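The primary structure of each chain is shown beneath.
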Amino acid sequence: MDTILFDLDGTLLDTNPLIIASFRHTFDYYFPEHTYRDEDIYRFIGPTLEKSFRELNEPEWKEMQAFYRSFNIAMHDQLVAEYPGVIEGLYRLHAKGYKMGIVTSKGRPVVERGLRLFNIDHLFDVVVTADDVENEKPHAEPVERALQALDSSSERAVMVGDNDTDIFSGKNAGTKTVAVGWALKGRPFLESLEPDVIIDSMEHFEAWLDEVSIHA
């Protein structure tokens, strides 16, 4: 096991407040007659904006996407935070020599902004975004593209994420799968996805990686 692929939002960076605020800002403008609670917005976290907005408003989905992104970028640095211990864990994994990549359903500009904001962009040898694939997660393509770029294989890799799209993309590509216990949707939801392990911290993840390597 020498390759680790990470989702970004809700996994490495706490972008949930930004995402929820961006969706609410967009929905309040396009659907002023409805009131959206945080819980109503959770189902839109994970899929691409195109998928979410097309489902809600096919004729205007592109306008909605641009409206969302404008607010999201403007508020990005104010609302994005780090999860305790995660960035330190990334540095430890990098120092141990793991090949590491990002596999996300976001567009490249905002992904790169988040990585630079927390000075972790140099830790990843590949970043696969929604701009780079024909089929987004949960399809296997994003994971397979990252593995190809890293000259790795599914047997040597793990996909780490906070959502069903991440876990199923890893499963579909044949990697091991890890769910992060700090996911917004909670542990029962993560358990229903049946990942190989649910981690409670980066230290837990590192110990699991060591265990898997011993029994490989």
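This structure is a prediction, so every number in the text was calculated from the model and none was measured.

## Here's the deal with the environment of E50
For E50, the location among the structural elements is in helix α3 (residues 49-56). Look past the residues within four positions of E50 in its chain and what remains in contact with it is W61 and Q65.

## Details of helix α4 (residues 61-79)
Of all bends in α4, the biggest is about 35°, found at I73. When we look at burial in α4, the residues that qualify are W61, M64, Q65, Y68, N72 and H76. At its buried positions, α4 is contacted by α1 (16-30), α3 and α6 (108-117).

## A few points about the packing of α4 against α6
The interhelical angle for the contact between α4 and α6, taken along N-to-C directions, is 10°, at an axis separation of 11 Å. Comparing their axes, α6 and α4 come out roughly parallel. Counting all contacts with α4, which are made through N72, I73, H76 and D77, the residues of α6 involved are V110, R113, G114 and L117.

## Quick word on unusual backbone geometry
For the peptide bond that leads from K137 to P138, omega is 15°, which places it in the cis range. Within the fold, P138 resides in the loop between β5 (126-128) and α7 (141-149). We note that N119 has phi near 55°; this positive angle belongs to a residue other than glycine. When you line up the elements, N119 lands in the loop between α6 and β5. Judged by relative accessible area, N119 falls into the partly exposed class, the value being 46%. Look at E194: it is not a glycine, yet its phi comes out positive at around 55°.

So, how was this worked out
Think of each chain on its own: its residues are numbered from 1, step by step along the sequence as written. Local features in this predicted model are restricted to residues whose pLDDT is 70 or higher, and side-chain atom pairs enter the listing and the counts only when it is 80 or higher, whereas totals over whole chains, interfaces and linings include all residues. The side-chain quantities take in all heavy atoms of the structure and omit both hydrogens and water. Put simply, DSSP H or I for four residues or longer makes a helix, DSSP E for two residues or longer makes a strand, and each gets a number counted from the N terminus. Contact between two residues is taken to exist if any of their heavy atoms lie within 4.5 Å; hydrogens are not considered. Consider a residue and the seven residues that end there alongside the seven that start there; fitting an axis to each set, the bend is the angle between those axes. Between buried and exposed lies partly exposed: a residue is buried under 20% and exposed over 50% of the maximum accessible area for its type, with that area taken using a 1.4 Å probe on protein chains only. The convention used is that axes are lines fitted to C-alpha atoms, helices contributing only their stretch in contact, and that angles between N-to-C directions extend from 0 to 180 degrees. Orientation labels follow simple angle bins: below 35 degrees gives roughly parallel, above 145 gives roughly antiparallel, 65 to 115 gives roughly perpendicular, and whatever is left gives oblique.

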